[in-house]
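Listed here are the chains, written in short residue letters.
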Amino acid sequence: MLDLDFYRNLPEKSCRECGDTIEEQHESYLYECERCIGKHEE
Ligand SMILES: [Zn+2]
């Protein structure tokens, strides 16, 4: 329960690869922005 404040104060999700903000339209399984995900798929 002590973690509630932590999660509430989190800024927008950001890509773990480049730090770019991840659009909230994505599902929660994404931790990388479209650009970095695209890199993996190439
Ligand atoms: Zn990225």
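Preceding this section is the structure that the text describes.
Residues numbered from 1 in each chain as written. Predicted model: local features only at pLDDT ≥ 70, side-chain atom pairs only at ≥ 80, totals over all residues.

Below, the discussion takes up the overall build of the protein. For the protein, the count of helices and strands is two helices and zero strands. Per-residue burial for the protein yields a buried fraction of 2% across its 42 residues. (Helix = DSSP H or I, 4+ residues; strand = E, 2+ residues; numbered from the N terminus. Buried ≥ 20, exposed ≤ 12 C-beta atoms within 10 Å, placed from the backbone.)

So, about the environment of T21. Mapped onto the elements of the fold, T21 is located in the loop between α1 (4–8) and α2 (34–41). Placed eleven residues apart in sequence, T21 and E32 show a C-alpha to C-alpha distance of 8.8 Å. Not counting the four nearest positions on each side in its chain, T21 is found in contact with E12 and S14. (Contact = placed C-beta atoms within 7 Å.)

Turning to the environment of E17, a few remarks are in order. Here E17 lies in the loop between α1 and α2. Judged by the 14 C-beta atoms lying within 10 Å of it, E17 is partly exposed. For the pair formed by E17 and R35, sequence separation is 18 residues and the distance between their alpha carbons is 9.7 Å. If we skip the residues at most four places from it in the chain, E17 touches E32 and C36.

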